Amino acid sequence: ACLAYLDVWLADQPTSIMLREGRARVLVELGRGAEALAILDQLDAERPPSVSRRQLRARALAAARRYSELDLVLDTLAEDEDQAVFAWLLRGDALRARGRFDEAAEAYRQVIERDPAAVAPVRRLAELALDQGDPEAARGQIDALMLRPGYTAAAQDLQILLRAAELAGDAEAIAALTAQL
């Protein structure tokens, strides 16, 4: 639906950088990284890429499973302090997708080291624990989030806890979490 909407606008404004970049973003979200990269190549040929477009290229490379290229892009992004958190988080995701769980966990820890208030890497560590069949470690990560001052659990946190309860066979926790979701 989003692609169709963008295509209508692009028919009227085929040179719009914003619309073409938007189309590339949607394609990445749909896992169609190769198509997104083709659009990004065109955009980059027309004008130098912005920070957001460089990050989008990295996400497109990940979606296209072009990991060797992605590693090079992430190395460059990680050198920029303002982009290091993004780079390490995406590096963790790419390592996780390749089944390199220990390295993925280390990448997520790098994010936490750079930004101790970050929530995403803690959730990723919890999901990684679930991938490895360790519901207690997953709960521990989410519990640590919920103990942060002023932190309110999000639906994503409850979903992780529900998956952990299901993995552990904890019927009471399953019922309680299902009621909250």
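Use the structure listed above.
Residues numbered from 1 in each chain as written. Predicted model: local features only at pLDDT ≥ 70, side-chain atom pairs only at ≥ 80, totals over all residues. Heavy atoms only, no water.

(A) Just helix 5 (residues 67-79), in detail. Counted at 1.5 Å a residue, the expected span for helix 5 with its 13 residues is 18 Å, and the 18 Å between its end C-alpha atoms agrees. Close packing links the buried residues of helix 5 with helix 4 (51-63) and helix 6 (84-97). (Helix = DSSP H or I, 4+ residues; strand = E, 2+ residues; numbered from the N terminus. Expected span 1.5 Å × (residues − 1). Contact = heavy atoms within 4.5 Å.)

(B) Looking closely at the packing of helix 1 (residues 2-12) against helix 2 (residues 17-29). In the contact formed by helix 1 and helix 2, the axes pass within 10 Å of each other and the chain directions differ by 165 degrees. Here helix 2 runs roughly antiparallel to helix 1, going by the angle between their axes. Judged by the sense of rotation from one axis to the other, the crossing of helix 1 with helix 2 is left-handed. Taken together, the residues of helix 2 that come into contact with helix 1 (itself represented by Cys-2, Leu-3, Leu-6, Asp-7, Trp-9 and Leu-10) are Leu-19, Arg-20, Gly-22, Arg-23, Val-26 and Leu-27. Residue composition of the contact of helix 1 with helix 2, grouped by class: eight nonpolar, one polar and three charged. (Axes fitted to C-alpha atoms, helices over the stretch in contact; angles between N-to-C directions. Parallel < 35°, antiparallel > 145°, perpendicular 65-115°, else oblique. Left-handed = near helix turned anticlockwise from the far one by under 90°. Nonpolar A, V, L, I, M, F, W, Y, C, P; charged D, E, K, R; others polar.)

(C) Inspection of the packing of aromatic side chains at higher detail. Per the stated rule, a full pass over the model turns up zero aromatic pairs. Across the ring face of Trp-88, the terminal group of Arg-91 is positioned such that the distance to the ring centre comes to 5.0 Å. (Phe/Tyr/Trp six-rings, centres within 6.5 Å; stacked < 30°, edge-to-face > 60°. Lys NZ or Arg CZ within 6 Å of the ring centre and 35° of its normal.)

(D) Structural view of the side chain of Glu-127. Structurally, the position occupied by Glu-127 is in helix 8 (residues 120-131). Leave out the neighbours within four places in its chain, and Glu-127 touches Arg-96, Gln-156, Ile-160 and Arg-163.

(E) Inspection of the pattern of salt bridges at higher detail. What the rule picks out here adds up to 19 salt bridges. The residue Glu-46 makes a salt bridge to Arg-20 at a minimum N-O spacing of 2.6 Å. Here Glu-46 is found in helix 3 (residues 33-46), whereas its partner Arg-20 is found in helix 2, with 26 residues between them in sequence. Since its relative accessible area comes to 49%, Glu-46 is described here as partly exposed. Given a relative accessible area of 10%, Arg-20 falls into the buried group. Bridged by salt links that share partners, the residues Glu-21, Arg-25, Asp-41, Asp-44, Arg-53 and Arg-57 form one connected network. (Salt bridge = Lys/Arg side-chain N within 4 Å of Asp/Glu carboxyl O. Buried < 20%, exposed > 50% of the residue type's maximum accessible area, 1.4 Å probe, protein only.)

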